[in-house]
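# Geometric and topological summary
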Amino acid sequence: MAYARQQHTRSIATIDGWRDAVLPNGAAAVSAIFISHSSRDNGVADELKAWLHDQGYHSLFLDFDPADGIPAGRHWEQELYRQLRACQAVIVLCSVASMQSDWCFAEITHARALGKLIFPLRIDACQLREPLAELQVVEQTRRSEPRRDGEHHVAGEPLDGAEGRTVDDVGV
């Protein structure tokens, strides 16, 4: 159990260190990384997926993505659970909206029950729900980071994908 706990408390900052664990040779048709998020955070989720793809992670599940999400006509709830069972790791975009979402909570608890690696990424000032409170969280809300437009992210400002901000802007 100590090994599993150690696995779950690794920071997403070590993403290069788990490339082989998450993307074994001959990756299956299912996704190795499941991105859990509120639909209100679709902008940040989409940017995170693009960033991960640019880093060499091609086995990603993002529910609304036309290529890697839930196919048209598929029962969405069953597909979410199927993807959670099959994935290696779950990145949870933690925001006020996702922490209030019953569906996000269900994804988190399901992933935890299945023993999946869970990487919480706090994108705005929110209180974490209990299943995430014991895990190491990557904070993306309190530091000033340069943006592409030359401006800086203000400490404590939410990173919810609004106003053109992206994951690249905060150095995820």
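Residues numbered from 1 in each chain as written. Predicted model: local features only at pLDDT ≥ 70, side-chain atom pairs only at ≥ 80, totals over all residues. Heavy atoms only, no water.

What follows covers the overall build of the protein chain. Broken down by element type, the protein chain carries eight helices and five strands. Starting at the N terminus and walking to the C terminus, you meet the elements of the protein chain as α-α-β-α-β-α-β-α-α-β-α-β-α. Relative to all contacts within the protein chain whose residues are 6 or more apart in sequence, the contacts with residues 24 or more apart total 63%. Carbon and sulfur atoms make up 49% of the accessible area of the protein chain, which amounts to about 8,800 Å² in all. (Helix = DSSP H or I, 4+ residues; strand = E, 2+ residues; numbered from the N terminus. Contact = heavy atoms within 4.5 Å. Areas by Shrake-Rupley, 256 points an atom, 1.4 Å probe, with all protein chains shown as cover.)

Glancing now at the layout of surface pockets. As a volume, the second largest pocket reaches approximately 200 Å³. Lining the second largest pocket are 13 residues, and of these His37, Ser38, Ser39, Asp63 and Trp103 sit closest to its centre. No other element matches helix α6 (residues 102–113), which puts three residues into the lining of the second largest pocket. When its residues are assigned to classes, the lining of the second largest pocket shows six nonpolar, five polar and two charged. (1 Å grid on protein atoms, 1.4 Å probe; cavity = no way out; pocket = protein on both sides within 12 Å on 5 of 7 lines; lining within 4 Å. Points joined across faces, edges and corners; volume = space filled by probe spheres on them. Nonpolar A, V, L, I, M, F, W, Y, C, P; charged D, E, K, R; others polar.)

Ranked by size, the top nonpolar core spans 18 residues in total, and within it Ile35, Leu48, Leu52, Ile91, Leu93 and Leu121 carry the most contacts. Sorting the residues of this core by element identifies β1 (33–36), α3 (42–54), β3 (89–94) and β4 (117–122) as the ones contributing at least two each. Not counting chain neighbours up to four residues away, the residues in contact with isoleucine 35 comprise Ala45, Leu48, Lys49, Leu52, Phe61, Leu62, Ile91 and Leu93. Counting 17 residues, the second-largest nonpolar core is a separate cluster that includes Leu84, Ile108, Ala111 and Cys126. (Core = buried A, V, L, I, M, F, W, Y, C linked by side-chain atoms within 4.5 Å. Buried < 20%, exposed > 50% of the residue type's maximum accessible area, 1.4 Å probe, protein only.)

Two numbers describe how helix α4 (residues 76–86) lies on α6: the axes approach to 10 Å, and their chain directions differ by 30°. Like other packed secondary-structure pairs, α4 and α6 cross with a definite hand, here right-handed. Each of Trp76, Glu77, Leu80, Tyr81, Leu84 and Arg85 in α4 lies in contact with α6, whose residues at this interface are Trp103, Ala106, Glu107, His110 and Ala111. (Axes fitted to C-alpha atoms, helices over the stretch in contact; angles between N-to-C directions. Left-handed = near helix turned anticlockwise from the far one by under 90°.)

Below, the discussion takes up the confidence of the model for the protein chain. Overall, the predicted model of the protein chain reaches an average pLDDT of 74, with 64% of residues at or above 70. Here residues 1–30 is a poorly scored stretch, pLDDT under 50, and it has 43 contacts once near neighbours within four places are set aside; other chains count. (pLDDT = per-residue confidence, 0-100.)

With 13 residues, α3 ought to run about 18 Å at 1.5 Å a step, and its terminal C-alpha atoms sit 18 Å apart, in line with that. Turning to α3, its buried residues are Val44, Ala45, Leu48, Lys49, Trp51 and Leu52. Projection of α3 onto a plane perpendicular to its axis shows the buried side chains occupying an angular sector of 165°, all on one side. Looking one or two places after α3, you find glycine 56, whose phi comes out positive at around 105°. (Expected span 1.5 Å × (residues − 1). Arc of directions from axis to C-beta.)

With that settled, consider the side chain of serine 98. Note that serine 98 resides in helix α5 (residues 96–100). By relative accessible area, which is 1% here, serine 98 ends up buried. Ignoring any residue separated from it by four or fewer positions in sequence, one finds serine 98 in contact with Ser38, Asp41, Leu93 and Cys104.

Moving on, we get to the sheet that holds β1. The pairing of strands in a sheet happens through backbone hydrogen bonds and is either parallel or antiparallel. Pairing within the open sheet is parallel, and its five strands lie in the order β2-β1-β3-β4-β5. Each edge of the open sheet carries a strand with a single partner, namely β2 (60–61) and β5 (138–139). Bridge count for β1 against β2 is two bridges, and the pairing is parallel. Of the residues in β2, the one forming a bridge with phenylalanine 34 is phenylalanine 61. Most of the contacts of α4 go to β1, to which it runs at about 130°, and overall it touches β1, β2 and β3. (Pairing = 2+ DSSP bridges.)

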